[in-house]
Amino acid sequence: MAATFLGYPRADGSVGVRNHVAVISIMDNCNPVTRAICQAVDGTIAVTTLFVRGQYGHDLEVAFNTLAGMGRNPNVAAVLLVGLEEGTTEEVARRIRPTGKPLEAINMQPHGTINAVAEGTRRAMKLAIAASSLRRVSTPMSALTVGVECGGSDTTSGLTCNPTIGAMSDRLVDDGGSVIISETSEFLGAEHLFAARAVDAAVSKAFVDAVLRLEKEAVSRGMDIRGTNPTQDNIRGGLTTIEEKALGAMAKAGTRPLSSVLTYGEAPAKKGLHFMDAPAPAVENLTAFAAAGCQLIFFGTGVGNPIGNMVVPTVKVCGNVNTLRTMADNIDFDASSILEAGAKASTLGEGLYEYAAAVASGTRTSSEVLDVRETAISRFAPTI
Amino acid sequence: MPRAIVLDRGDNVATLIDPGQAGETCLLQGESGGEVVLREAVPFGHKICIRATAAGAEILKYGHVIGRAAKALAVGEHAHIHNIESARGRGDRKES
């Protein structure tokens, strides 16, 4: 049984499973410079974003915290911030600095694009060479925080990939690690079952309140959420109602007690199983996991959703025999033996736990190798 | 013979894990057994009714409510959005 993995110890005591130099855009107008630097320097990842300029209040706080959270993520060895001007860049920098990791920043004002790309490339090169001198060390699995997600779900999701991820989640929690489940809308109809697992009444109420708040908001808009969640492809895959989808989605969280309720991108303060109140679409949800410090993500899929996260290796688990054939290049772990050969999810979960240790030690995922990765920070208010 | 999984003894729907054609006999597996004749073609992963269900009655899968029958469902009928209604997130209903 895998009880350890090989990881990169960081100055703040966390342990990374990757050793990225993250080049992070402070706002959308920085993305071209971020991409140019990353094209020039091996070992970097481009963490781009949309908006930020024109955001204010809570919405802007979430954006700054999420950008900084991705910089703080243990998978990031060093950070280069690419900003427009020094004030907003410092808002993100000061949130990363406490980790003690190497941190550089460049701004386009007043140097211009060509100078910003040149100076950014020079600094990123130095950071990448320094990061490459770090070595992996044997680390207990308890150092891991994993996000559990599902996307492109169908009726096989609740029977195969999600219970397999759930069995892996239970193993990790038992070994002292942390698991975060999210996607608030995907608890509609199953919230009473999950709430019963809360460690106390306050956690139970916080969780149920988050689900009911979301439902109230959807209802106040006067629309049936069906078609949006379940999505059109969920429905083609046989999922009929959000209640049915939720009962299958919840299986990803295994059976252990619910320790706390987190806001978008918030890191858990203790070990165990946690719920994060965040929108369900994969890219913005995985971005929140990255900001919360997850080192790995396990992503169950039925009809197939290829997307992964930039900072956090995303393991695609699928138990639909048709998708495993047609979208084989996007799947990392085959859970089809549950329906095809009567295998137990608990047995596959053991295999997935060993695979988690392998990916944490450096085995790459399909979405990393194909670079099908994207970043999006959720918006909570309009821009002005 | 197409197979369908029953997840709880009390369920009135089962999930096909093979595509099925009208008139084909479907083998029930999992928490309950037996055979059901399909009344129509049903795609892989979609559900069939395995117990006659009245209009307005609860639809049960995993032993839990996943919605209500929008019309009466007969055994062997395709059970999906055309005959099952969700009860959640329904801003289109005035009473919600």
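Quick caveat, the model's predicted, so the values are computed rather than measured.

**Q** Outline the overall build of chain A, listing residues and values.
**A** Of the regular secondary structure elements, chain A holds 14 helices and 14 strands. Scaling as 2.2 N^0.38, a compact globule of 384 residues should have a C-alpha radius of gyration of about 21 Å, and chain A matches this with 20 Å. Along the first, second and third principal axes, the C-alpha set of chain A runs to 60 × 50 × 45 Å. Across the 384 residues of chain A, 59% fall into the buried class. Within chain A, counting contacts between residues at least 6 apart in sequence, those at least 24 apart form 73% of the total.

**Q** Lay out helix α2 (residues 57–72) of chain A in plain terms, naming residues and giving numbers.
**A** Residues and elements named next belong to chain A. With 16 residues, α2 extends 22 Å from end C-alpha to end C-alpha; this agrees with the ideal 22 Å at 1.5 Å per step. Those residues of α2 not exposed but buried are Val-62, Ala-63, Asn-65, Thr-66, Leu-67, Ala-68, Gly-69, Met-70, Gly-71 and Arg-72. At its buried positions, α2 is contacted by β3 (20–25), β4 (44–47), β5 (76–83), α3 (86–96) and α10 (282–291).

**Q** Mind laying out the pairing of strand β3 (residues 25–30) of chain B, listing which residues take part and the relevant values?
**A** Residues and elements named next belong to chain B. As defined by bridge partners, strand β1 (residues 3–6) adjoins β3 across four bridges and the pair is classed as parallel. Opposite Ala-4, over in β3, you have Leu-28 as the bridge partner. Where β3 and strand β4 (residues 35–37) come together, three bridges link them in antiparallel fashion. Bridge assignment links Thr-25 to a residue of β4, and that residue is Val-37. Between the antiparallel neighbours β3 and β4 lie four residues, among them Gly-34 with a positive phi of about 110 degrees.

**Q** Explain the sheet that holds β3(B) residue by residue, including any values.
**A** All names here are of chain B. Strand order in this open sheet of six strands is β4-β3-β1-β2-β5-β8, and the pairing throughout is mixed. Every interior strand has two partners, whereas the edge strands, β4 and β8 (78–79), have only one. Of the pairings in the sheet, the one linking strand β5 (residues 47–49) to β8 comprises two bridges and is antiparallel in character. Within β8, the residue paired with Lys-47 across the bridge is Ala-79.

**Q** Quick rundown of the domain arrangement of chain A? Include the residues and the values.
**A** Residue and element names in this part refer to chain A. Domain boundaries in chain A define domain 1 (20–131) and domain 2 (139–369). Once you take the C-alpha centre of each, domain 1 and domain 2 turn out to be 29 Å apart. With 14 residues of domain 1 in contact, the opposing surface of domain 2 contributes 12 residues. Mapped onto the side of domain 1 that touches domain 2, the elements with two or more residues apiece are β3, β4 and α2. At six residues, α2 tops the list of elements feeding residues into the side of domain 1 that touches domain 2. Here the residues of the side of domain 1 that touches domain 2 sort into seven nonpolar, six polar and one charged.

**Q** Can you break down unusual backbone geometry residue by residue, with the values?
**A** Residues and elements named next belong to chain A. Following Gln-109, the chain continues to Pro-110 via a peptide bond in cis, the omega torsion being 5 degrees. Of note, Pro-110 is situated in the loop between β6 (103–107) and α4 (113–131). A cis amide bond links Asn-229 to the next residue, Pro-230, at an omega of 0 degrees. Its place among the elements puts Pro-230 in the loop between α7 (201–220) and α8 (232–236). The backbone of Val-52 sits at a positive phi, close to 80 degrees, despite the residue not being glycine. Note that Val-52 resides in the loop between β4 and α2. With a phi close to 50 degrees, Asp-371 is a non-glycine residue in the positive phi region.

**Q** So what's going on with the interface of chain A and chain B? Which residues, and what values?
**A** Between chain A and chain B, the residue contacts involve 27 residues of the former and 23 residues of the latter. Going through the elements one at a time, α7 and α9 (242–249) of chain A are the ones with two or more residues in the side of chain A that touches chain B. Considering only residue class, the side of chain A that touches chain B consists of 10 nonpolar, 10 polar and seven charged.

**Q** Give me the lowdown on the packing of helix α5 (residues 161–174) of chain A against helix α13 (residues 345–360) of chain A, citing residues and values where you can.
**A** To describe two helices that pack against each other, one gives the angle between their axes and the distance between the axes. Residue and element names in this part refer to chain A. The geometry of α5 relative to α13 is characterised by a closest axis approach of 7 Å and an angle of 60 degrees between their N-to-C directions. Where α5 crosses over α13, the two elements pack in a sense that is right-handed. In contact with Pro-163, Thr-164, Ile-165, Gly-166, Ala-167, Met-168, Arg-171 and Leu-172 of α5, α13 contributes Ala-345, Ser-346, Leu-348, Gly-349, Leu-352, Tyr-353 and Ala-356.

**Q** Report on the sheet that holds strand β7 (residues 64–69) of chain B, specifying residues and quantitative values.
**A** An order of β6-β7-β9 (chain B) is seen for the three strands of this open sheet, with the pairing classed as antiparallel. The open sheet terminates on both sides in strands that have one partner only, identified here as β6 (58–61) and β9 (84–85) of chain B. When β6(B) meets β7(B), the two strands line up antiparallel, connected through four bridges. By the bridge assignment, B:Ile59 is partnered in β7(B) with B:Gly67. Each of β6 and β7 of chain B touches α9(A); the most contacted strand, β7(B), lies at about 165 degrees to it.

Thresholds, definitions, all that
- Residues numbered from 1 in each chain as written.
- Chains lettered and ligands numbered in written order.
- Predicted model: local features only at pLDDT ≥ 70, side-chain atom pairs only at ≥ 80, totals over all residues.
- Helix = DSSP H or I, 4+ residues; strand = E, 2+ residues; numbered from the N terminus.
- Rg over C-alpha atoms; globule rule 2.2 N^0.38 Å.
- Buried ≥ 20, exposed ≤ 12 C-beta atoms within 10 Å, placed from the backbone.
- Contact = placed C-beta atoms within 7 Å.
- Expected span 1.5 Å × (residues − 1).
- Pairing = 2+ DSSP bridges.
- Domains from an automatic or database assignment.
- Nonpolar A, V, L, I, M, F, W, Y, C, P; charged D, E, K, R; others polar.
- Axes fitted to C-alpha atoms, helices over the stretch in contact; angles between N-to-C directions.
- Left-handed = near helix turned anticlockwise from the far one by under 90°.

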